[in-house]
Amino acid sequence: MSTQLKTPPSDDWIPSLEDTPFQRIGGEEAVRALVAAFYDSMDATEPALARLHVLEDDGTVSRGTRERFGLFLIGWLGGPQHYVERHGHPRLRMRHGHVPVDSAMRDAWLRCMHRALDARGITGGLRRFLEERFAHTGDFLRNTEG
C-alpha cells in the first residue's frame, strides 16, 4: 500500500472537520512515514538536534521517540488521539522544558520537518498550512534566548 498523499492538495486548501490534515496526508501510515523521514533527516543532517533525544546504540534517534512523536502527530493533525490515550495531555512546553530550545534548535527542527515534507511529496495548501503550524509550534516551544 502506498503511503503517498491520498488526495493531491489544491493551492487553496484549508482544513475542516470533513477534510483534516490527517486525512489529507493519507492517515496513520502516511503520518508515520512523515515521522520516519523527519527523524532520518535529523539523524543525517542535524547531529546537535539528534543528541537532544534518546539515541539507539548506532547513534540514531530511538524507536521509542519516533513512535511517541508519531502518536502525537497523528492526533495533532486531526486523527485518532492515541497519544492522549496512552500518555495524557501533550503539555508540549512542560515536556520540552528540560531541553534548551533556542532559535537555532527551532530552525534545525524546522529544517528536518521541511525535508520530511519534501520527501513525502507534500505540497500546495496542505504544505503551507503545515509549515505555518510547525513554525508556530517551534516558536511556542522556545525557552532560551537566541
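For the structure, see preceding data.
Note that the coordinates shown come from a computational prediction; the quantities given were computed from them, not determined experimentally.

Novice: Before we go on, may I ask you to explain the pattern of salt bridges in this structure?
Specialist: A pair can form between side chains of opposite charge whenever their charged atoms are brought close. Using the criterion set out here, one finds 13 salt bridges in the structure. One salt bridge connects Asp 139 with Arg 106, and the closest N-O pair in it is separated by 2.5 Å. Of this pair, Asp 139 sits in helix 8 (residues 124–141) while Arg 106 sits in helix 7 (residues 103–119), placing them 33 residues apart in sequence. Given the relative accessible area of 41%, Asp 139 is considered partly exposed. A relative accessible area of 16% places Arg 106 in the buried class. A salt bridge links Asp 118 to Arg 127; the nearest nitrogen and oxygen atoms lie 2.8 Å apart.

Novice: What is the right way to read the nonpolar core from this model?
Specialist: Across soluble globular proteins, nonpolar side chains show a tendency to be buried alongside one another. By size, the foremost hydrophobic cluster in this structure holds 37 residues, and its most contacted members are Ile 25 and Leu 130. Residue assignment for this core shows that the elements contributing at least two residues are helix 1 (21–25), helix 2 (28–45), helix 3 (47–50), helix 4 (63–76), helix 7 and helix 8. Sort the elements by how many residues they give to this core and helix 2 lands first, with eight residues.

Novice: Where do I start with the packing of aromatic side chains in this structure?
Specialist: By convention here, two paired aromatic rings are described through the distance between centres and the angle between planes. Per the counting criterion, the structure on display carries eleven aromatic pairs. Among the aromatic residues, those joined into a ring-pair cluster are Phe 38, Tyr 39, Phe 69, Phe 72, Trp 76, Tyr 83, Trp 109 and Phe 134. In this structure, Arg 133 packs its charged tip against the face of Trp 76, placed 4.5 Å from the ring centre.

Novice: Would you explain the packing of helix 7 against helix 8 in this entry?
Specialist: If you want to describe how two helices pack, look at the angle between their axes and the distance between the axes. Where helix 7 contacts helix 8, the two axes come as close as 10 Å, and the packing angle between them is 160 degrees. What the angle tells us is that helix 7 and helix 8 run roughly antiparallel. Note that helix 7 runs across helix 8; the crossing there is right-handed. Together, Arg 106, Trp 109, Leu 110, Met 113, His 114, Leu 117 and Asp 118 of helix 7 and Arg 127, Leu 130, Glu 131, Phe 134, Ala 135, Gly 138 and Asp 139 of helix 8 make up the contact between the two elements. A class-by-class count of the residues in the contact of helix 7 with helix 8 yields seven nonpolar, two polar and five charged.

Definitions and limits used
Residues numbered from 1 in each chain as written. Predicted model: local features only at pLDDT ≥ 70, side-chain atom pairs only at ≥ 80, totals over all residues. Heavy atoms only, no water. Salt bridge = Lys/Arg side-chain N within 4 Å of Asp/Glu carboxyl O. Helix = DSSP H or I, 4+ residues; strand = E, 2+ residues; numbered from the N terminus. Buried < 20%, exposed > 50% of the residue type's maximum accessible area, 1.4 Å probe, protein only. Core = buried A, V, L, I, M, F, W, Y, C linked by side-chain atoms within 4.5 Å. Phe/Tyr/Trp six-rings, centres within 6.5 Å; stacked < 30°, edge-to-face > 60°. Lys NZ or Arg CZ within 6 Å of the ring centre and 35° of its normal. Axes fitted to C-alpha atoms, helices over the stretch in contact; angles between N-to-C directions. Parallel < 35°, antiparallel > 145°, perpendicular 65-115°, else oblique. Left-handed = near helix turned anticlockwise from the far one by under 90°. Contact = heavy atoms within 4.5 Å. Nonpolar A, V, L, I, M, F, W, Y, C, P; charged D, E, K, R; others polar.

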